[in-house]
Amino acid sequence: MDIANKLMSEIATRRDDLVELTQELIRIPTLNPPGEFYRDICDFLDRRLVRHGFNTELIRAEGAPGDSDKYPRWNIVARREGNAPGECVHFNSHIDVVEVGRGWTTDPFAGEVIDGKIYGRGACDMKGGLAASIIAAEAFIDTCPEFRGAIEISGTADEESGGFGGVAYLAEKGFFSPERVQHVIIPEPLNKDRICLGHRGVWWAEIETHGEIAHGSMPFLGDCAVRHMGAVVAEMEDSLFPALAQKRTDMPVVPDGAKQSTLNINSIHGGEAEQDPDYTGLPSPCVPDSCRMVIDRRFLIEEDIDEVQEEIFNVLKSVEEQRENFRYDVREIQRVLPSMTEKSAPVVQSVARAIGDVMGKDPDYVVSPGTYDQKHIDRIGKLKNCIAYGPGILDLAHKPDEYVGIDDMVESAQVMGRSLLDLLG
Ligand SMILES: [Zn+2]
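Source: prediction; values computed, not measured. (Residues numbered from 1 in each chain as written. Predicted model: local features only at pLDDT ≥ 70, side-chain atom pairs only at ≥ 80, totals over all residues. Heavy atoms only, no water.)

Enquirer: Honestly, the pairing of strand S7 (residues 183–186) in this entry has me stumped. Any pointers?
Expert: Side-chain direction in a regular strand flips from residue to residue, so the side chains alternate between the two faces of the sheet. Residues His183 and Ile185 point to one face of S7 and Val184 and Ile186 to the other, with burial holding for every one of them. Pairing between strand S3 (residues 84–94) and S7: 3 bridges, direction parallel. The partner of Phe91 across the bridge, within S7, is Ile185. Pairing between S7 and strand S15 (residues 386–388): 3 bridges, direction parallel. (Buried < 20%, exposed > 50% of the residue type's maximum accessible area, 1.4 Å probe, protein only. Helix = DSSP H or I, 4+ residues; strand = E, 2+ residues; numbered from the N terminus. Pairing = 2+ DSSP bridges.)

Pasting the structure below:
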């Protein structure tokens with residue numbers, strides 16, 4: 001049997017180990033927010049990877065947003081050197097999961113297996129992918145002990161809340177510098193036969209309109225900030241939304257609706273603060289002197305961030321021309337530039353060949369509508385040879401009864417193993 005076949009069957013025989021590992025990861029409820037049990041999962045990964053000859057480092061992102069003594073932002077980076085000089089392949093998975101939410105029919109932190117699927121919060125996003133990468137790496141090391149270069153596996157914090165206490169922090173410290181790492185695979189749940197090249201950009205901002213408080217029975221003595229904001233929304237409906245719908249990208253974004261520029265109004269709040277649901281009093285009559293709206297603009301690689309901002313300012317200027325006393329502020333909350341790895345990049349080529357070998361088909365190339373940690377590897381780490389590839393169905397992420405298919409995990413572990421053989425064998 002040639003070495004590639006040996007590796008494929010070696011991974012297949014580790015199926016039970018893969019299932020158990022995924023279950024054990026799901027049972028550590030690393031909820032974010034607030035960012036719990038990060039140290040526990042890092043210690044668990046540490047014990048596992050040290051057994052396979054990895055050198056490990058546990059790194060706390062001190063001072064990062066969210067980091068505190070109560071909720072420290074722990075990360076693990078494990079590195080296994082090969083037997084000769086060569087390149088380094090890095091698998092990066094986030095260890096955090098989002099809140100459970102309502103509607104579950106299974107225990108979200110039990111890792112139950114039903115009909116060939118493992119259920120739990122984080123099963124597909126992305127503890128199944130993390131487990132698949134560990135099994136792939138361990139099987140590769142055992143089958144091909146003379147490999148060259150190095151393998152790294154990281155478990156990082158806070159991807160779901162921007163990655164500042166995770167990949168961004170590590171990238172700042174040089175963990176993703178091109179001298180240290182040459183290929184990065186992020187096993188996010190993009191399906192076992194798809195290669196995700198990158199993501200659209202994000203511009204989050206808060207718009208505030210100002211008014212003047214007065215008695216609600218005499219609104220003419222004040223100035224209603226909510227009416228000003230209503231005019232902003234109307235102007236967006238008239239001019240901005242139709243213009244955004246016209247902008248189409250050549251990026252292979254999925255689903256199809258996300259191939260255009262999009263804008264979501266995340267929230268609008270004006271006037272008196274909302275009371276707790278158990279409050280039984282009535283509101284007091286006031287003209288609101290402030291209204292705030294949070295917008296979430298997702299943009300395309302063909303668009304420039306300055307142009308994206310300009311469009312919003314144009315909406316506001318146009319309202320300003322139409323309304324008296326229209327005053328506003330705009331505050332940026334977050335910006336992420338789009339990222340897209342070239343199809344010709346070595347890691348793309350290698351994983352594409354591996355999908356062909358394991359599944360007998362060509363991969364689909366996709367771009368994610370939302371961002372993930374590739375942004376930090378690209379912008380801070382300056383490493384362009386990065387993709388997301390992993391088992392699981394993206395639509396199940398963050399939903400009740402999230403699951404990952406066991407067969408899919410085995411196949412994508414085989415693809416990861418085959419890529420390791422290609423790049424380091
Ligand atoms: Zn994820």
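Enquirer: Looking at this structure, I do not really get the coordination of the zinc ion. What am I missing?
Expert: Around the zinc ion, the protein contributes the donor atoms His94 (NE2), Asp125 (OD), Glu188 (OE) and Glu188 (OE), at 1.8 to 2.7 Å from the metal centre. Around the zinc ion sit 4 donor atoms; with metal-centred angles ranging over 51 to 143°, the donor geometry is irregular. Read from N- to C-terminus, the donor residues coordinating the zinc ion fall into the pattern H-x30-D-x62-E. Placement of Asp125 in helix H4 (residues 123–143) and of Glu188 in the loop between S7 and strand S8 (194–199) is noted, with a sequence separation of 63 residues between them. The exposure classification of Asp125 matches that of Glu188, with both residues buried. (Donors = N, O, S within 2.8 Å, 3.2 Å for Na, K, Ca; no water. Tetrahedral: all angles 85-135°; square planar, octahedral: opposite > 155°, others 65-115°.)

Enquirer: Would you take a moment to explain the sheet that holds strand S11 (residues 290–299) for this structure?
Expert: By definition, the strands of a sheet pair up through backbone hydrogen bonds, in either a parallel or an antiparallel sense. Read across the open sheet, the 4 strands follow the order S10-S11-S9-S12; overall the sheet is antiparallel. Looking at strand neighbours, the two that pair on one side only are strand S10 (262–270) and strand S12 (327–336), the edges of this open sheet. Mean inter-strand twist for the sheet, computed between neighbouring axes without regard to direction, equals 15°. Pairing analysis gives 9 bridges linking strand S9 (residues 201–210) to S12, with the strands arranged antiparallel. Bridged to Ala205 within S12 is Glu332. (Axes fitted to C-alpha atoms, helices over the stretch in contact; angles between N-to-C directions.)

Enquirer: Where do I start with a nonpolar patch on the surface in this structure?
Expert: Together, Met218, Phe220 and Leu221 make up an exposed nonpolar region whose accessible area comes to about 330 Å². Take Met218: it is sitting in the loop between S9 and helix H6 (225–246). Take Met218: its relative accessible area is 33%, and that puts it in the partly exposed class. (Patch = residues over 30% accessible without salt bridge, like charges linked within 9 Å, V, L, I, M, F, W, Y side chains within 5 Å. Areas by Shrake-Rupley, 256 points an atom, 1.4 Å probe, with all protein chains shown as cover. Salt bridge = Lys/Arg side-chain N within 4 Å of Asp/Glu carboxyl O.)

Enquirer: How should the layout of surface pockets be read in this particular structure?
Expert: Taking a probe equal in size to a water molecule and rolling it over the atoms shows the remaining empty space. Empty space within the largest pocket amounts to approximately 660 Å³. Lining the largest pocket are 23 residues, and of these Glu159, Glu160, Gly370, Thr371 and His398 lie nearest its centre. Residues that form the lining of the largest pocket fall into these classes: 10 nonpolar, 7 polar and 6 charged. As a volume, the second largest pocket reaches approximately 190 Å³. Lining the second largest pocket we find Pro219, Phe220, Gly222, Asp223, Cys224, Arg227, His228, Val287, Arg323, Glu324 and Asn325. (1 Å grid on protein atoms, 1.4 Å probe; cavity = no way out; pocket = protein on both sides within 12 Å on 5 of 7 lines; lining within 4 Å. Points joined across faces, edges and corners; volume = space filled by probe spheres on them. Nonpolar A, V, L, I, M, F, W, Y, C, P; charged D, E, K, R; others polar.)

Enquirer: What is the right way to read the packing of helix H8 (residues 346–359) against helix H10 (residues 406–424) from this model?
Expert: Between two packed helices, both the angle of their axes relative to each other and the distance between the axes serve to describe the pair. Relative to each other, H8 and H10 sit at 125°, their axes nearing to 8 Å. In terms of axis orientation, H8 runs oblique to H10. For the crossing formed where H8 meets H10, the hand is right-handed. Each of Ser350, Val351, Arg353, Ala354, Ile355, Asp357, Val358 and Met359 in H8 lies in contact with H10, whose residues at this interface are Glu411, Gln414, Val415, Arg418, Ser419, Asp422 and Leu423. Considering only residue class, the contact of H8 with H10 consists of 7 nonpolar, 3 polar and 5 charged. (Parallel < 35°, antiparallel > 145°, perpendicular 65-115°, else oblique. Left-handed = near helix turned anticlockwise from the far one by under 90°. Contact = heavy atoms within 4.5 Å.)

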